[in-house]
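# Per-entry structural report
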Amino acid sequence: MNEQPSKIYLLPNLMTAGNLFCGFTATLKILEGALLQSTNADAANDLFHAAIWLILGAFVFDFLDGRLARLGGHDSSFGREFDSLADIVSFGLAPALMVYRVVLKDFPRACWVIAFVYLACGALRLARFNVAAANHEKSGSAGGAKNFTGFPIPAAAGLIASITLFLLWLAEGEHRLGNWRFVLPPLLLFLSFMMFSRFQYPSFKAINWKTTKSIPRFLVIIVILTITVMNYEWMPAVLFLAYLLYGFLRPWLSREWRREIEEEIGEEGGDEPTEQTS
């Protein structure tokens, strides 16, 4: 009876709502495309393209909601739970359903198992993060971590969506993705494992309005963004793959190299304690 209502901060939670909207709409587009696959492959591919961009749009909203919350000092338990619920739709259900319809429908006995393993691993990872974050709050040690332990689920979904976009671009006008589409099922299983691995990834939590860069580094970032916009069919896949591979290379790099690389892409700091997150 004495429980206080949770605080709902407007801007961060609007970003989370945008994330959820993108994930929900992407799921609808995939289902609509599935109904047209056998009768109108071109229309189905257009719907799958739209779903991919919506998943990538959800990634942008997810990136922004945490930055806005930390910028205003508005981290809250409500926001964390809401964010996890949105993430499981946008980065769990939508990518799993996408791969299921694009590839795994050809294997009716195994298709749902592979897609479900990815979805379940994503849900377990988000639940584990929420439990860890709640325990940190009770002990007074929450926040401040600058590394992810394991591959974050938004990046996993971005990698799946961007590679699917690349395959659809290669197959444009052919109505079929060809044998390259069989890369996606093992990728789902591999990312399921990576979400629970011990590899460390920069979290980019240090990026805010006060982040500063030298002119050469600023120009490098502008060039990368320009190339990404000009080559949107394949450049997002390159960026997500580079982020995935960096986790494997990071333990072999010296502290100076890690600091140089991570400052280059926006991480303001070195080897601080890590926290498992989404």
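Calculation rules
For every chain, the first residue of its written sequence is number 1, and the numbers climb from 1 along that sequence. Per-residue local features are limited, in this predicted model, to residues with pLDDT of at least 70; the limit for side-chain atom pairs, both in listing and counting, is 80 or more; totals at the level of whole chains, interfaces and linings are taken over all residues. By convention in this description, side-chain values take in all heavy atoms of the structure and omit both hydrogens and water. To qualify as a helix, a DSSP run of H or I must reach at least 4 residues; to qualify as a strand, a run of E must reach at least 2; elements of each kind are numbered from the N terminus. We call a residue buried when its accessible area falls under 20% of the maximum for its residue type, exposed when it is over 50%, and partly exposed in between, using a 1.4 Å probe and counting protein chains only. The contact definition used throughout considers only heavy atoms, calling two residues in contact when any of these lie within 4.5 Å. Only the protein chains shown count as cover for residues, with accessible areas throughout obtained via the Shrake-Rupley method and a probe of 1.4 Å. Only centres within 6.5 Å qualify two rings of Phe, Tyr or Trp (six-membered ring in Trp) as a pair; their planes then separate them into stacked at under 30 degrees, edge-to-face at over 60, and tilted for everything else. Residues belong to one nonpolar core when they are buried, are Ala, Val, Leu, Ile, Met, Phe, Trp, Tyr or Cys, and are joined through side-chain atoms within 4.5 Å. Contacts described as polar in this section are N or O atom pairs within 3.5 Å, which, within protein, must combine one atom able to donate a hydrogen with one able to accept it, while residues neighboring in sequence count only if both atoms come from side chains. A score from 0 to 100, pLDDT tells how confident the predictor is in each residue. Here an axis means a line fitted to C-alpha atoms, over the contact stretch when the element is a helix, while the angle between two N-to-C directions is reported on a 0 to 180 degree scale. Put simply, angles under 35 degrees are roughly parallel, angles over 145 are roughly antiparallel, angles from 65 to 115 are roughly perpendicular, and the rest are oblique. All residues other than Ala, Val, Leu, Ile, Met, Phe, Trp, Tyr, Cys, Pro, Asp, Glu, Lys and Arg, Gly among them, are scored as polar; the first ten of these are nonpolar and the last four charged. What makes a patch is a set of residues exposed beyond 30% relative accessible area and free of salt bridges, joined within 9 Å when like-charged and within 5 Å when nonpolar (Val, Leu, Ile, Met, Phe, Trp, Tyr). Salt bridges are counted wherever a side-chain nitrogen of Lys or Arg sits within 4 Å of a carboxyl oxygen of Asp or Glu. When the near helix sits turned anticlockwise from the far one by under a right angle, the crossing is termed left-handed; a clockwise turn instead gives a right-handed crossing.

## A word on the overall build of the chain
If you tally the helices and strands in the chain, you get nine helices and two strands. Reading the helices (α) and strands (β) of the chain from amino to carboxyl end gives α-α-α-α-β-α-α-β-α-α-α. Out of the 278 residues in the chain, the part that is buried amounts to 45%. Considering only contacts within the chain whose residues lie at least 6 apart along the sequence, 85% involve residues at least 24 apart. Only carbon and sulfur atoms are counted for the fraction: they give 68% of the accessible area of the chain, which is about 14800 Å².

## Looking at the packing of aromatic side chains
Evaluation of the coordinates by the stated rule reveals nine aromatic pairs. Between Phe 151 and Tyr 243 the ring centres are 5.7 Å apart and the planes differ by 40°, which places this aromatic pair in the tilted class. In this pair, Phe 151 is assigned in the loop between β1 (147-149) and α5 (153-170) and Tyr 243 in helix α8 (residues 235-249), connecting sequence segments 92 residues apart. Note on Phe 151: relative accessible area 0%, which makes it buried. Counting every residue linked through ring pairs, the aromatic cluster contains Phe 151, Tyr 201 and Tyr 243.

## Things to note about the nonpolar core
Within the largest apolar cluster, 50 residues are counted, with the highest numbers of intra-cluster contacts made by Tyr 118, Phe 151 and Leu 191. Those elements giving two or more residues to this core turn out to be α1 (10-36), α2 (41-71), α3 (77-102), α4 (111-139), α5, α6 (184-194) and α8. With eleven residues, the single largest contributor to this core is α5. Apart from residues lying up to four places away in sequence, Leu 191 is in contact with Phe 151, Ala 156, Leu 159, Ile 160 and Leu 244.

## As for the environment of Asp 46
Its place among the elements puts Asp 46 in helix α2. With a relative accessible area of 53%, Asp 46 lands in the exposed category. For the pair Asp 46 and Gly 33, spaced 13 residues apart in the sequence, the C-alpha separation amounts to 8.0 Å.

## Remarks on the side chain of Asp 65
Within the fold, Asp 65 resides in helix α2. Here Thr 16 takes part through its side chain, which lies 2.8 Å from a polar atom of the side chain of Asp 65. What Asp 65 contacts, discounting residues up to four positions off in sequence, is Pro 12, Met 15, Thr 16 and Asp 83.

## Re the confidence of the model for the chain
Regions with low pLDDT carry predicted coordinates that are not meant to be interpreted in detail. Per-residue confidence for the chain averages 80 on the pLDDT scale, and 78% of its residues sit at or above 70. Considering only residues more than four positions removed or in separate chains, one finds that residues 267-277, a stretch of pLDDT under 50, has 42 contacts.

## Comments concerning the packing of helix α7 (residues 215-230) against α8
Viewed as axis vectors pointing N to C, α7 and α8 meet at an angle of 130°, and their least axial separation amounts to 8 Å. Here α7 is positioned oblique relative to α8, judged by the angle of their axes. Packed against α7, whose contacting residues are Ile 224, Ile 227 and Thr 228, the element α8 presents Met 235, Pro 236 and Leu 239 at the interface. When its residues are assigned to classes, the contact of α7 with α8 shows five nonpolar, one polar and no charged.

## Some remarks on a nonpolar patch on the surface
A contiguous nonpolar surface patch, about 480 Å² in accessible area, is contributed by Trp 169, Leu 170, Val 223, Ile 227, Trp 234 and Val 238. Listed by contribution, the elements that provide at least two residues to the nonpolar patch are α5 and α7. With respect to the secondary-structure elements, Val 238 resides in helix α8. Residue Val 238 is classed as partly exposed on the basis of its relative accessible area of 38%.

## Re the environment of Val 117
Secondary-structure assignment places Val 117 in helix α4. In this structure, the C-alpha to C-alpha distance between Val 117 and Leu 188, residues 71 residues apart in sequence, is 8.3 Å. Setting aside anything within four residues of it in sequence, one finds Val 117 in contact with Leu 189 and Ser 192.

## Points about the packing of α5 against α8
Geometry of a packed helix pair, given as the angle between the helix axes and the separation of the axes. Packing of α5 against α8 leaves a shortest axis separation of 8 Å and a crossing angle of 140°. By the angle between their directions, the pair α5 and α8 is classed as oblique. In the crossing of α5 with α8, the sense of the turn from one axis to the other is left-handed. Contacts from Ala 155, Gly 158, Leu 159, Ser 162 and Ile 163 in α5 reach Pro 236, Ala 237, Phe 240, Leu 241, Tyr 243 and Leu 244 in α8. Across the contact of α5 with α8, the residue classes tally to nine nonpolar, two polar and no charged.

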